[in-house]
Amino acid sequence: MGYKALYRQYRPKNFSEVAGQKVIVQTLSNTLLRNQVGHAYLFSGPRGTGKTSIAKIFGKAVNCLNMPAADACGVCDVCVGIESEQIADIIEIDAASHNSVDDIRDLVSKAKFSPSVCKYKVYILDEAHMLSASAANALLKTLEEPPSHVIFILATTEIHKILPTIASRCQRFDFRNIEVKDIVGKLNEIVKAEKISIDDDAILAIAENAEGALRDALGLLDQAISFTEDHITADDVHKVAGSVSHVVLGEMIRAINEKDTNKVMNILEELLDEGKEITKNVVDLIMALRDILLIKNTEYKLERYQDISNLIQTPKIYFFLDLLNNLQQDIKYTNQKRAYVELALIKM
């Protein structure tokens, strides 16, 4: 078989391998340990935060031959069979492409049959918000009173689109964006296992660009590996991600504060020549100013902006952030994005 993407290679196989989501993992582990498994669960949250992975782990754990325990053993016949996909009692359905009432009726009719090997038949409905209204209504009665051998797990990135009648029949778990330190920890494990040569600040850059999604972080690491020949630096990551390095952002903010318009315009020109997306530049600038604001007003420590934070007064940072937030709204509706950004920088 050909190369397998890192996010697929390192998909967690048990709760101990999950990055972040500690509250959810502990709650589900206690559910297993106390043998208080429910009949329907609703996992909601941003992309790449582990909803489907945890659903699969939970589906394997409830069927583990060594239950009750806080996690699947990973070595019994059922665990090995599910992991190798030889046991078909964990059924993952893409609700985006199976969202008609006929698809759900077919699911409901098959759910009545007993599992082939396992104790429970587990249905994982990914992108559950894509179900049509009629399909969701067709699922209602079965979701409320499913056969004793069936567990439903609905996963969604858009909880507001789930019918209240569906949500009320499930135990709801809200997934959060994964913190940077947790992503960095997982990335360090992977680069060590894969013997990847990479700088620590490059790992941090990947984690920050992932915006809380571990899957995005692993995808970006994959791209950085393909982009470089042997060693990955922070500059390589910024080139692949289209983001701006903290050094360049620091230079730009310092030039803005010193009213050096020529230097600011030259930095913007260089960024655009490198192929940086102009809207991403604005976001990166906002996040840099946010870091400086935190350094000035809290115990938050960040060496890269420590010097600049002493040069800019807090009211001026508020002014910059207000201006950039308005700029973000303006450039959504224009083809002249560069002109708007240049005007904003001059105003700053």
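Our subject is the structure that appears above.
No experiment lies behind these values; they were computed from the predicted model shown.

1. Overview of the overall build of the chain
Counting secondary structure elements, the chain contains 17 helices and 5 strands. Summarising its shape, the C-alpha atoms of the chain cover approximately 75 × 45 × 40 Å along the three principal directions. Within the chain, counting contacts between residues at least 6 apart in sequence, those at least 24 apart form 73% of the total. Accessible area of the chain: about 18200 Å², with a carbon and sulfur share of 49%. Between the averaged position of the 40 positive side-chain charges in the chain and that of its 48 negative side-chain charges there is a distance of 6 Å.

2. Examining the pairing of strand E4 (residues 150-156)
E4 sits mainly inside the fold: 7 of its 7 residues count as buried. The two faces of E4 match: Val150, Phe152, Leu154 and Thr156 on one face and Ile151, Ile153 and Ala155 on the other face are all buried. Summarising the sheet, strand E1 (residues 40-44) and E4 pair through 5 bridges and their orientation is parallel. Bridging from a neighbouring strand, Ser44 pairs with Thr156 of E4. Two elements, strand E3 (residues 121-126) and E4, share 5 bridges in a ladder whose sense is parallel. Counterpart to Leu125 in the pairing with E4 is Leu154. Note on the crossover from E3 through helix H6 (residues 133-144) to E4: the handedness is right-handed.

3. Some details on the pairing of E3
Residues in a regular strand point their side chains to alternate faces of the sheet. Where burial is concerned, most of E3 is hidden: 6 out of the 6 residues are buried. Side chains of E3 alternate between two faces, with Lys121, Tyr123 and Leu125 and Val122, Ile124 and Asp126 buried alike. By the bridge criterion, 5 bridges tie strand E2 (residues 90-94) to E3 in an arrangement that is parallel. Across the sheet, residue Ile90 finds its bridge partner in E3, namely Val122. Where the polypeptide runs from E2 across helix H5 (residues 101-111) and back to E3, its parallel neighbour, the crossover connection is right-handed.

4. With respect to helix H2 (residues 22-33)
Residues spaced three or four apart along an α-helix point in a common direction, a consequence of the helix completing one turn every 3.6 residues. Taking 1.5 Å per residue, 12 residues should reach 16 Å; H2 reaches 16 Å between its end C-alpha atoms and fits that length. Every buried residue belonging to H2 is among Ile24, Val25, Leu28, Ser29, Thr31 and Leu32, and all of these are buried. Buried residues in H2, looked at end-on, bunch into an arc of 155 degrees, giving them a common side. In this structure, H2 carries Lys22, Val23 and Gln26 as exposed residues pointing more than 90 degrees from its buried face. Against E1, helix H3 (51-63) and strand E5 (171-174) lie the buried residues of H2. Just downstream of H2, Asn35 is the residue with a positive phi angle, here 55 degrees.

5. With respect to the packing of helix H12 (residues 246-257) against helix H13 (residues 261-273)
The N-to-C vectors of H12 and H13 enclose an angle of 155 degrees; their axes lie 9 Å apart at closest approach. By the criterion of interaxial angle, the relationship of H12 to H13 is roughly antiparallel. Crossing geometry of H12 relative to H13 is assigned as left-handed. Residues Val248, Glu251, Met252, Ala255 and Ile256 of H12 touch H13, and the partners they reach there are Lys263, Val264, Ile267, Leu268 and Leu271.

6. Considering the nonpolar core
If you look at the biggest cluster of nonpolar residues, it comprises 34 residues, and the most contacted ones within it are Met252, Leu345 and Met348. For this core, the secondary structure elements donating two or more residues are H12, H13, helix H14 (278-297), helix H16 (314-330) and helix H17 (337-347). Tallying contributions element by element places H14 first for this core, with 9 residues. Excluding residues within four positions of it along the chain, Leu345 makes contact with Met252, Ile256, Val264, Met265, Leu268 and Leu285. Counting 30 residues, the second largest nonpolar core, distinct from the first, contains Ile54, Ala61, Cys79 and Ile90.

7. Quick look at unusual backbone geometry
A cis amide bond links Met67 with the next residue in sequence, Pro68, at an omega value of 0 degrees. Inspection of the secondary structure assignment puts Pro68 in the loop between H3 and helix H4 (77-83). You will see that Asn35, though not glycine, has its phi angle at about 55 degrees, which is positive. By the element assignment, Asn35 lies in the loop between H2 and E1. In this structure, Glu211 takes a positive phi of about 55 degrees despite not being glycine. Considering the arrangement of structural elements, one finds Glu211 in the loop between helix H9 (200-209) and helix H10 (214-227).

8. With respect to the pattern of salt bridges
Following the criterion strictly, the structure yields 18 salt bridges and no others. A salt bridge links Glu145 to Lys141, with the nearest nitrogen and oxygen atoms 3.9 Å apart. Note on Glu145: relative accessible area 55%, which makes it exposed. A salt bridge links Arg169 to Glu144; the shortest N-O distance between them is 3.4 Å. With Arg169 in the loop between helix H7 (164-167) and E5 and Glu144 in helix H6, this pair connects stretches of sequence that are 25 residues apart. Given the relative accessible area of 36%, Glu144 is considered partly exposed.

9. Description of the sheet that holds E1
The 5 strands lie next to each other as E2-E3-E4-E1-E5, forming an open sheet whose pairing is parallel. Strands at the two margins of the open sheet, each flanked by one partner only, are E2 and E5. Across this sheet, the average inter-strand angle for adjacent strands is 15 degrees, counted without regard to direction. The strands that H2 touches are E1 and E5; relative to E5, the one it contacts most, it runs at about 150 degrees. Against the sheet, H3 makes contact with E1, E2, E3 and E4, and its axis sits at roughly 175 degrees relative to E3, the strand it touches most.

Each value, and the rule that gives it
Residues numbered from 1 in each chain as written. Predicted model: local features only at pLDDT ≥ 70, side-chain atom pairs only at ≥ 80, totals over all residues. Heavy atoms only, no water. Helix = DSSP H or I, 4+ residues; strand = E, 2+ residues; numbered from the N terminus. Contact = heavy atoms within 4.5 Å. Areas by Shrake-Rupley, 256 points an atom, 1.4 Å probe, with all protein chains shown as cover. Lys, Arg positive; Asp, Glu negative; His and termini not counted. Charge placed at Lys NZ, Arg CZ, Asp CG, Glu CD. Buried < 20%, exposed > 50% of the residue type's maximum accessible area, 1.4 Å probe, protein only. Pairing = 2+ DSSP bridges. Right-handed = clockwise from strand over helix to strand, strands pointing away. Expected span 1.5 Å × (residues − 1). Arc of directions from axis to C-beta. Axes fitted to C-alpha atoms, helices over the stretch in contact; angles between N-to-C directions. Parallel < 35°, antiparallel > 145°, perpendicular 65-115°, else oblique. Left-handed = near helix turned anticlockwise from the far one by under 90°. Core = buried A, V, L, I, M, F, W, Y, C linked by side-chain atoms within 4.5 Å. Salt bridge = Lys/Arg side-chain N within 4 Å of Asp/Glu carboxyl O.

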